[in-house]
Amino acid sequence: MPLTVKDMMEAANAVVERIDGAKAQELVADGALLLDIRDAPELERSGRAVEAHHIPRGMLEFRADPTTQYHDPELRFDRPIVLHCASGGRAALAGKLLKEMGYAEVYNLGGLTDWQQGGGAVIEPVDPGM
């Protein structure tokens, strides 16, 4: 039987802890990387967390692998990573991937609104009419 998105989500949620905005704030204050994996148009449309580092989901494997020329030095195996997307689905799948790549401490915050509800500051999107 083929693998379904439901199967993938269940597997991801089983290995990537879902946390709330308050816990994410604590982790980031202690040095964790807040990683926004949304696509650039989503950031332009809805803004971003002040502390967030951005790597689009489609580039994550390349940025996370230290053996590629595309590796992002913000991603370190000894640094906790708090992922978020728009609602948490892509963050869960990305978290599972990072764990499979050797990143031990990975969390799913959910979406940008979860960051805001936890008291996290955001940079509002630029008004396209300005």
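In this text, all values refer to a predicted model and were calculated from it rather than measured experimentally.

**With respect to the overall build of the protein chain**
Regarding its fold elements, the protein chain presents six helices and seven strands. Counting from the amino terminus, helix and strand elements in the protein chain follow one another as α-β-α-β-α-β-β-α-β-α-β-α-β. Here the C-alpha atoms of the protein chain give a radius of gyration of 14 Å, agreeing with the 14 Å that 2.2 N^0.38 yields for 130 residues. Counting across all 130 residues of the protein chain, residues that qualify as buried make up 37%. Of the roughly 7200 Å² of accessible surface on the protein chain, a fraction of 55% belongs to carbon and sulfur atoms.

**Comments concerning the pattern of salt bridges**
Between side chains of opposite charge, pairing is possible as soon as their charged atoms come close. Applying the stated criterion across every chain, the model contains eight salt bridges. Its salt-bridge partner being Arg79, residue Glu74 comes within 2.7 Å of it at the nearest N-O pair. Here Arg79 falls in the buried class, since its relative accessible area comes to 15%. For Asp78, the salt bridge identified is with Arg76, shortest N-O distance 3.3 Å.

**With respect to the sheet that holds strand β4 (residues 53–54)**
Within the open sheet, the five strands sit side by side as β1-β6-β5-β2-β4. Their pairing is parallel. Looking at strand neighbours, the two that pair on one side only are β1 (17–18) and β4, the edges of this open sheet. Sheet strands touched by helix α2 (residues 21–29): β2 (33–36), β5 (81–85) and β6 (106–111). Its angle to β6, the strand with the most contacts, is close to 130°.

**Quick look at the environment of Phe77**
Looking at the secondary structure, you find Phe77 in the loop between α4 (60–64) and β5. The partly exposed category is assigned to Phe77, whose relative accessible area is 42%. Counting along the chain gives 21 residues from Phe77 to Leu98, while the straight-line C-alpha distance between them is 9.5 Å. Leave out the neighbours within four places in its chain, and Phe77 touches Pro66, Met101, Gly102, Tyr103 and Ala104.

**Considering helix α5 (residues 89–100)**
Across its 12 residues, α5 extends 17 Å between first and last C-alpha, which sits within 8% of the 16 Å expected from 1.5 Å per residue. Listing the buried residues of α5 in full gives Ala91, Ala92, Ala94, Gly95, Leu97 and Leu98. Among the residues trailing α5, Gly102 stands out with phi positive, at a value near 110°.

**Details of α2**
Every buried residue of α2 is accounted for by Gly21, Ala24, Leu27 and Val28. One face of α2 carries all of its buried residues, which in axial projection span an arc of 120°. Buried positions along α2 lie against β2, β5, β6 and α6 (112–117). One or two residues past the end of α2 sits Gly31, with phi positive at roughly 110°.

**Some details on the nonpolar core**
Counting residues in each nonpolar core, the largest one holds 16 residues, and the members touching the most others are Leu35, Leu60, Leu75, Ile81, Leu83, Leu98 and Tyr103. For this core, the elements supplying multiple residues, two or more each, are β2, α4, β5 and α5. By residue number, the principal contributor to this core is α5, which donates four residues. When sequence neighbours within four positions are dropped, the list of residues in contact with Tyr103 reads Ala64, His71, Leu75, Arg76, Phe77, Ile81 and Leu98. Ranked by size, the runner-up nonpolar core spans 13 residues in total, among them Ala24, Val28, Ala32 and Ala49.

Definitions and limits used
Residues numbered from 1 in each chain as written. Predicted model: local features only at pLDDT ≥ 70, side-chain atom pairs only at ≥ 80, totals over all residues. Heavy atoms only, no water. Helix = DSSP H or I, 4+ residues; strand = E, 2+ residues; numbered from the N terminus. Rg over C-alpha atoms; globule rule 2.2 N^0.38 Å. Buried < 20%, exposed > 50% of the residue type's maximum accessible area, 1.4 Å probe, protein only. Areas by Shrake-Rupley, 256 points an atom, 1.4 Å probe, with all protein chains shown as cover. Salt bridge = Lys/Arg side-chain N within 4 Å of Asp/Glu carboxyl O. Pairing = 2+ DSSP bridges. Contact = heavy atoms within 4.5 Å. Axes fitted to C-alpha atoms, helices over the stretch in contact; angles between N-to-C directions. Expected span 1.5 Å × (residues − 1). Arc of directions from axis to C-beta. Core = buried A, V, L, I, M, F, W, Y, C linked by side-chain atoms within 4.5 Å.

Interpretation note: all reported values are geometric properties and have no functional meaning in isolation.
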